[in-house]
Amino acid sequence: MKKLVWERKDLLGLADLSKEEVELILETAESFKEVSSRQIKKVPALRGKTVVNLFYEPSTRTRVSFEIAAKRLSCDVINIIADTSSVRKGESLVDTGKNLEALKIDIIVLRHNSSGAAHLLARNVGVSVINAGDGWHEHPTQALLDIFTLKEKFGKIAGLNVTIVGDIAHSRVARSNIWGLTKLGANVCVCAPASLLPAEIEKLGVRAVTDLDEALKGADCVNVLRMQLERDERSIFPSSLDYFKEYGITAERLKKLKKNILIMHPGPLNRGVEISSEVADGKDSVILEQVTNGIAVRMAVLYLVSQGKEKYAFNY
Amino acid sequence: MKKLVWERKDLLGLADLSKEEVELILETAESFKEVSSRQIKKVPALRGKTVVNLFYEPSTRTRVSFEIAAKRLSCDVINIIADTSSVRKGESLVDTGKNLEALKIDIIVLRHNSSGAAHLLARNVGVSVINAGDGWHEHPTQALLDIFTLKEKFGKIAGLNVTIVGDIAHSRVARSNIWGLTKLGANVCVCAPASLLPAEIEKLGVRAVTDLDEALKGADCVNVLRMQLERDERSIFPSSLDYFKEYGITAERLKKLKKNILIMHPGPLNRGVEISSEVADGKDSVILEQVTNGIAVRMAVLYLVSQGKEKYAFNY
Amino acid sequence: MKKLVWERKDLLGLADLSKEEVELILETAESFKEVSSRQIKKVPALRGKTVVNLFYEPSTRTRVSFEIAAKRLSCDVINIIADTSSVRKGESLVDTGKNLEALKIDIIVLRHNSSGAAHLLARNVGVSVINAGDGWHEHPTQALLDIFTLKEKFGKIAGLNVTIVGDIAHSRVARSNIWGLTKLGANVCVCAPASLLPAEIEKLGVRAVTDLDEALKGADCVNVLRMQLERDERSIFPSSLDYFKEYGITAERLKKLKKNILIMHPGPLNRGVEISSEVADGKDSVILEQVTNGIAVRMAVLYLVSQGKEKYAFNY
């Protein structure tokens, strides 16, 4: 069997990828995971390459994870945070991208509040673009690290029952997880108040329910989304306490299930809103392992798009 | 003939430099340009040196360009952006500079809103100072990359007809270009509404006109300045649309000239204000090549002042 | 005699340390000082380690000093400044720390506005924590660089008469200096207006006086604290001019003493508030040498906690 070679210059989302491409990323991440446990946590794989973190939304967690991943590959890293950039001077995303390309940088890691921003940028520049979250659309590396963690714990993804709980309608993490997990053969159930369930979500091949106990029945893992309380002023729930009562993941609720469920959360935690501290810090929680795996997954993605870009440049 | 050796610890402006010094920077930049097209875009020339980007005005473009240039020379780079610095605590520029010197750093890249700030700092510290823009005074590396691009395109500077269009009165880019270009024998014409032409600008050896068509006649290159619409609230023109009509560089206007003109712009572009998208993205535009050349020029300047500082320290 | 080996994973304050531990840091700093005077100011001691500057209060001076120290040891450095971090999303300090630990970073340099923050963090994570200032509590590396500078000038600390002048009540610099200096056998006198002298300060083994001339009598060194005029709106003194008159260190005042006194100040200076320019820039001032020594001291601390962490992990 011929081994798959990565041929894309970008990673924009999991919707576009084949099952084999997702698996290639996971395998590559596996081989990079060990680097972070060495005494000298550094490999020369991408020495002399420049990675730009171009963040139009603040996200220290994602920025720091990519920055560490890039530095462990020996890249140079440049941070551009929108508030202090020429964005304020009204330059378009494409113009900013073309300027970065002219600086002979290699990879742009883009966080943007508009869905589709990463695709737009990728079409217009020859450098690699990694989507680090675009609007409500995709956050592929988050989903990949979730899936990587699942595979590490269960050995395989096919046949797993994964429940995602939270604001599905506005969650790029949910979307990328759905695309990735269903591709690899998992059974995905999404659970939210009716107002936070997108109309035709079931067309993506998932089961949608509004009752949390029903959603948890038979689940191998529950991925608890952060309630983005700060995203807008509109109240979806009278208060976060009400949300916690109906949709919070608590030890009492889990006890009823007669089965251990793996607990995941993309962070940062709203303790007492979508999850109780007892569960978040409990023995079935792999929330911090997700963070650790994020480095391996992002090293893999940086490495693969870098390979892909060379092929792209060659065929261009 | 004895080869010129760089002896200055600083690069403060092009007004101070001899023709030979400008040429030395251009030649050095030429030899560094190739580094950015390598697989491993890095040379060990300044390993173990520390460059501080000390920016009292936000300018992501210039900061990023210097940061990349320094890292390709293997420098360590420290960013200090004024908003978060002890500037707020009222420390003077000279005290900040002396503190940086005490940290045994090697080069300060200074962006400041006051004309003369770089000169003031350079007189008071033993480390190298590179002026990355001071008020309306000078922005020497921008002019050097403009001149480098011209030389690359035309083979020489002497005898070239270069027109600079825009807010000449408040432009450090214009000032540095005028000093550099006239030194190397170019014929410089500046063009702006009368209110944006400094009173005695012709004493700098340039032709000043208010009519754009006249300014473009016979030009080999037009360097289109950004309208700093955000610099103050005073309206110079009723609206940016009015400016575009009278001073915007458009394809229609250029077509009348029966000659191809090289199009330059220091960026970021105000599309539809000082330049049309058709021209900015057209075949005679070298705007993105300017960005690329900025890295080579800044590597050259970092390298030369670093050599100069050693001589300075030796004679001190 | 058996040589002392550093066994702590953290540096949280000088109150906790033994005399021998303080001396070990000073000796280690001595051996690192020479690195910053080399042509290539870099040693590979901590290559592949990641240092995170986690700053919940702005402090460019301290951040830059740690960043340079870490880079001279070949560390990778990640800056997290609170304003742009997930702090805003309400994540607790401990959760942020655990997340950083999960990223397999090695050292957190923490600046926090709450006294005890560094201790809290250190108890909850396996990575090293260096206290870079917590509330009014401790700022151990500042005191260590002060003591290092004293030792360099006088050859020893035991028996020295050191006077600290300023807002003793709200100064972590004063507190750390008191603990460090008394441990090494210096005689410490603190001097402030009565309202800025903590009630039971003498229990720390120092002499407390309100009259500056009395406090300076017989002193070998005066460490002049910065008046934190911006810390709160409450006026302690009618105006900074009044403070200067009563507590400012001026040449006239010093002349009366018939003895040269070494002048120290942690920076940044309020010229004309707590110190006159004549004194700050005079021949007895070692204010800039303190800055230089800060790099050596911080290199030593980064190096030692890194050693300590390995022992800690081994015994854990």
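Residues numbered from 1 in each chain as written. Chains lettered and ligands numbered in written order. Predicted model: local features only at pLDDT ≥ 70, side-chain atom pairs only at ≥ 80, totals over all residues.

Participant: What is the right way to look at the overall build of chain A in this model?
Facilitator: Along its length, chain A carries eleven helices and nine strands. Taking 316 residues into account, the globule formula puts the C-alpha radius of gyration at 20 Å, and chain A, at 19 Å, falls close to it. Sorting the 316 residues of chain A into buried and exposed places 54% on the buried side. Sequence separation of 24 or more characterises 75% of the internal contacts of chain A that already satisfy a separation of 6 or more. (Helix = DSSP H or I, 4+ residues; strand = E, 2+ residues; numbered from the N terminus. Rg over C-alpha atoms; globule rule 2.2 N^0.38 Å. Buried ≥ 20, exposed ≤ 12 C-beta atoms within 10 Å, placed from the backbone. Contact = placed C-beta atoms within 7 Å.)

Participant: Is there a simple way to think about the pairing of strand β2 (residues 76-81) of chain C in this case?
Facilitator: On any regular strand, side chains alternate: one points to one face of the sheet, the next to the other face. All names here are of chain C. Across the six residues that make up β2, a large majority, six, are buried. Both faces of β2 are covered, namely the face carrying Asp 76, Ile 78 and Ile 80 and the face carrying Val 77, Asn 79 and Ile 81. As paired strands, strand β1 (residues 50-55) and β2 are joined by six bridges and run parallel to one another. The partner of Phe 55 across the bridge, within β2, is Ile 81. What joins β1 to β2 is helix α2 (residues 60-72), and the crossover it makes is right-handed. (Pairing = 2+ DSSP bridges. Right-handed = clockwise from strand over helix to strand, strands pointing away.)

Participant: I would appreciate a short explanation of the interface of chain C and chain B in the present structure.
Facilitator: When the parts come together, some accessible area is lost, and that loss is often what is quoted as the size of the interface. With 23 residues of chain C at the contact, the number on the chain B side is 17 residues. Only α2 and α11 (287-315) of chain C provide two or more residues apiece to the side of chain C that touches chain B. At seven residues, the largest contribution of residues to the side of chain C that touches chain B is made by α2(C). Split into classes, the residues belonging to the side of chain C that touches chain B amount to ten nonpolar, seven polar and six charged. (Nonpolar A, V, L, I, M, F, W, Y, C, P; charged D, E, K, R; others polar.)

Participant: Please explain the packing of helix α3 (residues 93-102) of chain B against helix α4 (residues 117-124) of chain B as it appears in this structure.
Facilitator: Residue and element names in this part refer to chain B. At a minimum axis separation of 9 Å, α3 and α4 run at an interaxial angle of 45°. Considering the angle they form, α3 stands oblique to α4. Viewed along their axes, α3 and α4 form a crossing whose handedness is right-handed. Judged by residue contacts, Leu 93, Val 94, Gly 97 and Lys 98 of α3 engage Ala 117, Leu 120, Leu 121 and Asn 124 from α4. Residues of the contact of α3 with α4, tallied by class, amount to five nonpolar, two polar and one charged. (Axes fitted to C-alpha atoms, helices over the stretch in contact; angles between N-to-C directions. Parallel < 35°, antiparallel > 145°, perpendicular 65-115°, else oblique. Left-handed = near helix turned anticlockwise from the far one by under 90°.)

Participant: Honestly, the relation of the copies chain C and chain B in this entry has me stumped. Any pointers?
Facilitator: Applying a rotation about an axis and a shift along it to one chain copy brings it onto the other copy. Rotating chain C by 120° and moving it 0.0 Å along the rotation axis overlays it on chain B with an RMSD of 0.0 Å. What the superposition gives is, in effect, a three-fold axis relating one chain to the other. (Least-squares fit on C-alpha atoms with pLDDT ≥ 70 in both.)

Participant: Please clarify how the interface of chain C and chain A should be interpreted in this entry.
Facilitator: Residue-level contacts link 18 residues of chain C with 23 residues of chain A. Here the element with the most residues in the side of chain C that touches chain A is helix α3 (residues 93-102) of chain C; it accounts for four residues. Across the side of chain C that touches chain A, the residue classes break down as four nonpolar, seven polar and seven charged.

Participant: When you look at helix α1 (residues 19-33) of chain A in this model, what are you seeing that I'm missing?
Facilitator: Since there are 3.6 residues in each turn of an α-helix, residues three or four apart along the chain are aligned in direction. Residues and elements named next belong to chain A. Taking 1.5 Å as the rise per residue, α1 with 15 residues should run 21 Å; its terminal C-alpha atoms sit 21 Å apart, in good agreement. Along α1, the residues that are buried comprise Val 22, Ile 25, Leu 26, Ala 29 and Phe 32. Looking straight down α1, one finds its buried side chains confined to an arc of 125°; they lie on one side. Those residues of α1 that are exposed and angled more than 90 degrees off the buried face are Glu 20 and Ser 31. (Expected span 1.5 Å × (residues − 1). Arc of directions from axis to C-beta.)

Participant: How should I be thinking about the sheet that holds strand β4 (residues 128-134) of chain A in this particular structure?
Facilitator: Within a sheet, adjacent strands bond to each other through the backbone by hydrogen bonds, running parallel or antiparallel. Residues and elements named next belong to chain A. Ordered in space as β2-β1-β3-β4, the four strands form an open sheet in which the pairing is parallel. The outermost strands of the open sheet, each flanked by one partner alone, are β2 (76-81) and β4. Ignoring strand direction, the axes of neighbouring strands in this sheet form an average angle of 15°. The sheet contact formed by strand β1 (residues 50-55) and strand β3 (residues 107-112) spans five bridges and is parallel. For Val 52, the partnering residue across the bridge sits in β3 and is Ile 108. Sitting on the sheet, helix α2 (residues 60-72) touches β1, β2, β3 and β4, and the angle it makes with β1 is about 180°.

Participant: I would appreciate a short explanation of the confidence of the model for chain A in the present structure.
Facilitator: The predicted coordinates ought not to be read in detail in places where the model reports low pLDDT. In the predicted model, chain A carries a mean pLDDT of 93, and the fraction of residues at 70 or more is 93%. For this predicted complex, the interface confidence comes out at an ipTM of 0.94, alongside a pTM of 0.95. (pLDDT = per-residue confidence, 0-100.)

Participant: I would appreciate a short explanation of the domain arrangement of chain A in the present structure.
Facilitator: Residues and elements named next belong to chain A. By domain assignment, chain A separates into domain 1 (19-139 + 293-315) and domain 2 (140-291). Domain 1 and domain 2 are separated by 26 Å when their C-alpha centres are compared. Contacts between the two partners involve 20 residues from domain 1 and, on the opposite side, 24 residues from domain 2. Broken down by class, the residue content of the side of domain 1 that touches domain 2 amounts to eight nonpolar, seven polar and five charged. (Domains from an automatic or database assignment.)

Participant: Where do I start with the packing of helix α1 (residues 19-33) of chain B against helix α5 (residues 140-154) of chain B in this structure?
Facilitator: Angle between the axes and distance between the axes are the two parameters that describe a pair of packed helices. Residue and element names in this part refer to chain B. Put simply, α1 and α5 touch, their axes get as near as 10 Å, and they point 70° apart. With respect to their mutual orientation, α1 and α5 come out roughly perpendicular. Taking contact as the criterion, the partners of Ile 25, Leu 26 and Ala 29 in α1 are, on α5, Leu 144, Ile 147, Phe 148 and Lys 151. Classifying every residue of the contact of α1 with α5 gives six nonpolar, no polar and one charged.

Participant: Looking at this structure, how should I read the sheet that holds strand β5 (residues 161-165) of chain C?
Facilitator: Residue and element names in this part refer to chain C. Within the open sheet, the five strands sit side by side as β7-β6-β5-β8-β9. Their pairing is parallel. Each having just a single partner strand, β7 (207-209) and β9 (262-264) make up the two edges of the open sheet. Sheet twist, expressed as the mean angle between neighbouring strand axes with direction ignored, is 20°. For strand β6 (residues 187-191) and β7, the ladder comprises three bridges, and the chain directions are parallel. Directly across from Cys 191, in β7, lies its bridge partner Val 209.

Participant: It is not clear to me how unusual backbone geometry should be interpreted in this structure. Could you clarify?
Facilitator: Here the residue pair B:Gly267 and B:Pro268 is connected by a cis peptide bond, since its omega of -15° sits within 30 degrees of zero. With respect to the helices and strands, B:Pro268 occurs in the loop between β9 (262-264) and α10 (277-280). In the Ramachandran plot, A:Lys104 falls in the positive-phi region, its phi being about 65° despite a non-glycine side chain. The residue A:Lys104 is located in the loop between α3 (93-102) and β3 in this model. Under the C-beta neighbour-count criterion, A:Lys104 is labelled partly exposed, with 19 such atoms within 10 Å. Even without glycine at this site, B:Ser74 takes up a positive phi of about 70°. For B:Ser74, the position within the fold is in the loop between α2 (60-72) and β2 (76-81). In this structure B:Ser74 comes out as partly exposed when scored by C-beta crowding, with 17 C-beta atoms within 10 Å.

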